[in-house]
Amino acid sequence: MSVLLHFRSCTRDYGGIMSALGSDSWWKKTLYITGGALLAAAAYLLHELLAIRKEQELDSKDAIILHQFSRPKNGVPSLSPFCLKIETYLRMLDLPYQNYFDGKLSPQGKMPWIEYNHEQVSGSEFIVDFLEEKLGVNLNKNLTPQEIAVSRAVTKMVEEHLYWTIAYCQWVDNLEETQKLLAMSGPLSDTLKWLLSHLNGSMVRREMYGHGIGRFSKEEVYALMEKDMRTLATLLGDKKYFMGSKISTVDATVFGHLAQAMWTLPGTRPEQLIKGELINLAMFCERMRRRFWPEWFVEVEDMYYDGDSESSSGGSPTGLLDFGLFSRTDTLDDSDTSSHSAAHTHSPDSDHSLFDSDVGTGSDNDIQLKEDSIPDMDV
């Protein structure tokens, strides 16, 4: 009798185990655990690969060390609006710096971040504050208190709102196209690019949901993006920079974000808007690019939207460039240009920019050919 009861018990336990094995929930949990382990292992491998510094190390005494993501393939300095903001800010002030494309995040989990005399600072706003205090620099010294207040309001709109809509366009709605821009080499490059892009896409979705903007539909997200871009276009008007004829910190902020729409999202709604109806924003981006990124070349056809969108009607390379020749503030004093002439200087011993960028500059002949192909703009 006891043997029979034991047999029945074993049979019942076996049946329960088989039932659990056949249940959807068990397989889902197994897949989740296995997939999570694989992602964790791949992420660790990716971190180890990116942690290899590609730049020659320099003495860090009195040197600004800028940690940021690697350059993408299409010549744009960064797919990160904040990395592009800070590097442009350093160039606007003509501050020498050293790039580390090491993929290493700051202790706060931020990118970009800087090191200066063994002090570490992350967060673009805190980086700007730190450099102003340590080095006595200030792009906003000529602004009125009201202009400073407006600049901060614009900065918060761009960084806390527009940023998420651009990130959605990059890493959710156009993930496959953005994935192609990632610069990786080696036998596992395609796998690593796929993995990195999908991990980043998942993170963007999660953080957008936590922010609140990710709880809306695709159409609603793009509607919010369009409102922000139209607001920026109205604020800029026909001025050269957002606060008039003089550059200020807010220009670096806006440029870092709008450059993504301008040069990394072909055929998307942001590109259609900036190169079509909101053309003054496109010319602002081009003005900043030509002034502070002389080694970053773009083709003429990349300056306008060549599509079927109604917003691009009437757009043409000629019309866009002609528009760029005019700015209401062009006739105002722009004496600060000379103080930043070093941003356009090249070392006599090499064809590389003094700003330690790995964006190829080409030979002097190539530069001349590029400049001859586009009419000079008064920047």
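The rules behind these values
Residues numbered from 1 in each chain as written. Predicted model: local features only at pLDDT ≥ 70, side-chain atom pairs only at ≥ 80, totals over all residues. Heavy atoms only, no water. Axes fitted to C-alpha atoms, helices over the stretch in contact; angles between N-to-C directions. Helix = DSSP H or I, 4+ residues; strand = E, 2+ residues; numbered from the N terminus. Parallel < 35°, antiparallel > 145°, perpendicular 65-115°, else oblique. Left-handed = near helix turned anticlockwise from the far one by under 90°. Contact = heavy atoms within 4.5 Å. Nonpolar A, V, L, I, M, F, W, Y, C, P; charged D, E, K, R; others polar. Salt bridge = Lys/Arg side-chain N within 4 Å of Asp/Glu carboxyl O. Buried < 20%, exposed > 50% of the residue type's maximum accessible area, 1.4 Å probe, protein only. Pairing = 2+ DSSP bridges.

Our focus in this paragraph is the packing of helix H5 (residues 145-173) against helix H8 (residues 218-236). It is the contact of H5 with H8, at a shortest axis distance of 10 Å, that shows an interaxial angle of 135°. As summarised for this structure, H5 and H8 are arranged oblique, according to the angle between their axes. Both H5 and H8 take part in a crossing whose hand is left-handed. Judged by residue contacts, Val-154, Met-157, Val-158, His-161, Leu-162, Thr-165, Ile-166, Tyr-168, Cys-169 and Asp-173 of H5 engage Lys-218, Val-221, Tyr-222, Leu-224, Met-225, Asp-228, Met-229, Thr-231, Leu-232 and Leu-235 from H8. Residue composition of the contact of H5 with H8, by class: 14 nonpolar, three polar and three charged.

With that settled, consider the pattern of salt bridges. Counted according to the given criterion, the structure contains 15 salt bridges. Ionic pairing is found between Glu-226 and Arg-230, a salt bridge with its closest N-O pair at 2.8 Å. Placement of the pair is Glu-226 and Arg-230 together in helix H8, with a separation of four residues, close to one helical turn. According to the relative accessible area criterion, Glu-226 is partly exposed, its value standing at 30%. Close ionic contact of Glu-286 with Arg-290 constitutes a salt bridge, the shortest N to O distance being 3.8 Å. Separated by four residues within a single helix, Glu-286 and Arg-290 lie in helix H11 (residues 279-292), roughly one turn from each other. Neither residue differs from the other here; Glu-286 and Arg-290 are each classed as buried. The network of salt bridges with shared partners includes Lys-85, Glu-125, Arg-152, Lys-156 and Glu-159.

Strand order in the open sheet formed by four strands is S2-S1-S3-S4, with mixed pairing between adjacent strands. Lying at the two open borders of the sheet, with one neighbouring strand each, are strand S2 (97-100) and strand S4 (119-122). With direction set aside, neighbouring strand axes in the sheet form an average angle of 25°. In this sheet, strand S3 (residues 113-116) lies alongside strand S1 (residues 64-67) in antiparallel orientation, the contact comprising four bridges. Counted as the bridge partner of Leu-66 is Ile-114 from S3. Strands in contact with helix H4 (residues 124-135) are S1, S3 and S4; relative to S4, the strand with the most contacts, it is inclined by about 140°.

What follows deals with the pairing of S4. With four bridges joining them, S3 and S4 adopt antiparallel strand pairing. The residue of S4 that forms the bridge with Tyr-116 is Glu-119. Linkage of S3 to S4, two consecutive antiparallel strands, is achieved through a turn of two residues, within which Asn-117 is found at a positive phi near 50°.

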